[in-house]
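Here is how the chains run, residue by residue.
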Amino acid sequence: DKAPLSKSLLLVPSAISILLTLLFQHYQKFFAYNLQAIKEDFQIWRLVCGRTVCLDLKDTFCSSLLIYNFRIFERRYGSRKFSSFLLGAWMLSALFDLLLVEIAQYIFGITINSLPSGFLGPVFALFVPFYSSIPRVQVTQVLGHFSITNKTLVYILGLQLLTSGSYIWILALSGLVSGICYNSSILKVHRILCVPSWVAKIFSWTLEPIFSSAEPTNEVRVGMGATVDIQRQQRMELLDRQIMMSQVAQMRRQRQQQGGMINWNRLFPPLRHRHNANYQDHRPTEQDTPPPTEVSEEQVARLMEMGFSRGDALEALRASNNDLNVATNFLLQH
């Protein structure tokens, strides 16, 4: 829901890859990422074909799962901004592919005539905003030392994709570098490599009705945010609610093992209903209120990006002693 571009990237290249592998193997040569043909014969069309469809079904499967997980960015940014990121990362990674191949040949004497095909550069580029903007929440621990978080599976898929080919590390490195360049706004790349508004409107009129999905009817509704971005973020957080609740249960077990359990109702007043008139009669006294602590504005901003109000974020961070994971878990639970 609310991710038509991600759905199209998930379905169309995967379907073409399966058809090329099973039925039309003699057409696979047109989708090969042949660098020699691009540089010597100026077959620029191979950049489009070779960097869009995977010819290896393992790469297709892993990249499709990653695109499915990265759909949260389309809900957060909107389809136009998300497509601009993919376009910029695709073009920058194509340039970095050629540079890295030349560097490998100049320094190590390795001649690389072709690279793995597929939409891999932008997929690796999406790891940059995923690492920097998605909160890390512990789900469980393995052997008491290794933490499993809500991001572990995505990193494992990326590692699996990285080890699927001999020269795929070039695509991974060029994708990560292009993602850093675009995400950090170096040289104002995001203003140059972007999808024009009129192009976005054309695709929204023609392709979005095809790939759009109906809103799920079995999900619990949340309060509408003040902006479209906040509403998208609220939908994203609903999908992660089950993982967050597992983290809350884990923290409670840890508190019990340490000799006590946090009284959530004492530390966190019902923030969602603090403006209700009935709540005024049960407001905690000054003796029960913990002393205010200094709150990190960066953590407040991260909670506000998730769709929470500034007041809720401040109260949750103060009560949790600036623990972002605890504050996020409580705000999602309440």
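Each chain has its residues counted from 1, following the order in which its sequence is written. A pLDDT threshold of at least 70 governs which residues receive local features in this predicted model, and a stricter bar of 80 or more applies before side-chain atom pairs are shown or counted, although totals over entire chains, interfaces and linings include all residues. Side-chain figures throughout are based on the complete set of non-hydrogen atoms in the structure, without hydrogens or water.

Novice: Provide a residue-level description of the overall build of the protein, including the pertinent values.
Specialist: Across its full length, the protein carries 20 helices and four strands. Element-wise, carbon and sulfur atoms account for 61% of the exposed surface of the protein, whose accessible area totals about 18900 Å². Strands here are runs of E lasting at least two residues and helices are runs of H or I lasting at least four, both read from the DSSP assignment and numbered beginning at the N terminus. Computed with a 1.4 Å probe, the accessible areas rest on the Shrake-Rupley method; for each residue, only the protein chains presented here act as cover.

Novice: I'd like a description of helix α10 (residues 168-183), backed by residues and values.
Specialist: A helix's residues, less one, multiplied by 1.5 Å, set its expected span. For α10, with 16 residues, the first-to-last C-alpha span of 22 Å sits near the 22 Å given by 1.5 Å per residue. Only protein chains enter the accessibility calculation, which uses a 1.4 Å probe. A residue is then buried if its area is under 20% of the maximum for its type, exposed if over 50%, and partly exposed in between. Within α10 the residues assigned to the buried category are Ile168, Ile170, Leu171, Ala172, Ser174, Gly175, Ser178, Gly179, Cys181 and Tyr182.

Novice: Account for a nonpolar patch on the surface, with residues named and values stated.
Specialist: A cluster of nonpolar residues, Ile18, Leu19, Leu22, Leu23, Phe24, Tyr27, Phe30, Trp45 and Leu57, forms a patch on the protein surface that exposes about 850 Å² of accessible area. Sort the elements by how many residues they give to the nonpolar patch and helix α1 (residues 4-22) lands first, with three residues. Relative to the elements of secondary structure, tryptophan 45 occurs in helix α3 (residues 45-50). Its relative accessible area of 37% is what places tryptophan 45 among the partly exposed residues. Like charges within 9 Å and nonpolar side chains (Val, Leu, Ile, Met, Phe, Trp, Tyr) within 5 Å are joined into patches, using only residues over 30% in relative accessible area that form no salt bridge. When a carboxyl oxygen of Asp or Glu is within 4 Å of a side-chain nitrogen of Lys or Arg, the pair counts as a salt bridge.

Novice: Give a description of the environment of serine 204 that names residues and reports values.
Specialist: Position of serine 204 among the secondary structure elements: in helix α12 (residues 197-206). Sequence separation between serine 204 and arginine 80 is 124 residues, and the spatial gap between their C-alpha atoms is 9.3 Å. Within polar-contact distance, the side chain of serine 204 engages the backbone oxygen of lysine 201 at 2.6 Å. For the purposes of these results, a polar contact is taken to be a pair of N or O atoms within 3.5 Å, where, inside protein, one atom must be able to donate a hydrogen and its partner to accept one; residues adjacent in sequence count only when each atom of the pair is a side-chain atom.

Novice: Describe the UniProt feature "transmembrane region" (unreviewed entry) in the protein, and please don't skip the residues or the numbers.
Specialist: UniProt positions are given in the numbering used here, feature names are shortened, and annotations may be inferred rather than shown by experiment. Sequence positions flagged by UniProt for "transmembrane region" (unreviewed entry) are, in local numbering, residues 6-24, 85-108, 114-132 and 153-177. What you have in residues 114-132 is 63% helix and 11% strand, and the ends, taken at the C-alpha atoms, are 32 Å apart. Note that residues 153-177 is 80% helix and 0% strand, and that its end C-alpha atoms are spaced 22 Å apart.

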